[in-house]
Amino acid sequence: MSAVRRVPSGSDPVVEAIRRAIVSGDYVPDQRLVEADLSERFAASRAAVRSALIQLGNEGLVERIPNRGARVRAVSLAEAIEITEVRMVIEGFCAAKAAQRVTEAEIAELREMRERMAAAVDAGALVTYSELNNRLHRRMLEMSGQCTAEGVIERLRGQSVRHQFRLAMQPGRPSVSLPEHLAIIDAICSRDPDAAERAARRHLGSVIRALRGTNNSPSVPVS
């Protein structure tokens, strides 16, 4: 999860920085978010940090406890599954839009990503595959041109990211998710919106089934 995602125009840089830190796992569920520490880490005023925590609270990433400050909100497995069900609908729509709008340069980028994802799985390079996986999801949203959907999905992924950490613990998970991701790439590159939507929905349906089978062991995020 280390790749830095695009910052939407007009976004508050302090909000973006703290959000990235939570999504990347720098801060874990139920961990306290101390304003003074955040202010020092992100070179921001206490007022800016306080405002950012309020916004992230509205997004569901942070919760504020009376007289105890803020902490990273813990998301239950049931809620993570609900979030993924919503993602399935929106990302399916975005995949279809991406297939309609994709440029030749973007097709070349996706085909290169396809080769690198397959090579990473063959080599057992789980972290590399995870990073490419996240890049694919992010680029698909960007290629769709649906800025509102992109913002919604980024917030939803942030809320459920810790549960995705567990998916890699399931034996053979990369070999299941790889062909699903390749199907999304192939459909977008073929400019087939119906196939792209089906492939994206099929993949996230698989993620839901995998989430239901996760245990409590930490791992690397692979969705």
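Notes on the structure follow. (Residues numbered from 1 in each chain as written. Predicted model: local features only at pLDDT ≥ 70, side-chain atom pairs only at ≥ 80, totals over all residues. Heavy atoms only, no water.)

1. Section: the overall build of the protein chain
Item 1. Of the regular secondary structure elements, the protein chain holds 9 helices and 3 strands.
Item 2. Secondary structure elements of the protein chain occur, N-terminal to C-terminal, as α-β-α-α-β-β-α-α-α-α-α-α.
Item 3. For the protein chain, buried positions account for 49% of its 223 residues.
Item 4. Sequence-distant contacts, at least 24 apart, represent 74% of the contacts inside the protein chain between residues at least 6 apart.
Item 5. Accessible surface computed for the protein chain: about 10,300 Å², of which carbon and sulfur atoms make up 50%. (Helix = DSSP H or I, 4+ residues; strand = E, 2+ residues; numbered from the N terminus. Buried < 20%, exposed > 50% of the residue type's maximum accessible area, 1.4 Å probe, protein only. Contact = heavy atoms within 4.5 Å. Areas by Shrake-Rupley, 256 points an atom, 1.4 Å probe, with all protein chains shown as cover.)

2. Some words on the packing of helix α8 (residues 173-189) against helix α9 (residues 193-212)
Item 1. Two numbers describe how α8 lies on α9: the axes approach to 7 Å, and their chain directions differ by 160 degrees. Judged by the angle between their axes, α8 and α9 are roughly antiparallel. Between α8 and α9 lies a crossing whose hand is left-handed. For the pair formed by α8 and α9, the contact residues are R173, V176, S177, E180, H181, A183, I184, A187 and I188 on the first element and A195, A196, A199, A200, H203, S206, V207 and A210 on the second. (Axes fitted to C-alpha atoms, helices over the stretch in contact; angles between N-to-C directions. Parallel < 35°, antiparallel > 145°, perpendicular 65-115°, else oblique. Left-handed = near helix turned anticlockwise from the far one by under 90°.)

3. As for the pattern of salt bridges
Item 1. A full pass over the atoms with the stated rule returns 17 salt bridges.
Item 2. Ionic pairing is found between R64 and E35, a salt bridge with its closest N-O pair at 3.8 Å. Note that R64 is positioned in strand β2 (residues 62-65) and E35 in helix α2 (residues 35-41), a separation of 29 residues in sequence.
Item 3. Of the charged contacts, one joins E104 and R191 as a salt bridge, the two residues approaching to 3.2 Å between their closest N and O atoms. Of this pair, E104 sits in helix α5 (residues 104-123) while R191 sits in the loop between α8 and α9, and the two are 87 residues apart along the sequence.
Item 4. A single salt-bridge network, built from bridges that share partners, covers E106, E109, R135, R139 and E142. (Salt bridge = Lys/Arg side-chain N within 4 Å of Asp/Glu carboxyl O.)

4. Digging into the nonpolar core
Item 1. The biggest cluster of nonpolar side chains holds 25 residues, and the ones touching the most others in it are L110, M117, I185 and I188.
Item 2. Only α4 (77-101), α5, α6 (126-144), α8 and α9 provide two or more residues apiece to this core.
Item 3. Sorting elements by how many residues they give to this core places α8 first, with 7 residues. (Core = buried A, V, L, I, M, F, W, Y, C linked by side-chain atoms within 4.5 Å.)

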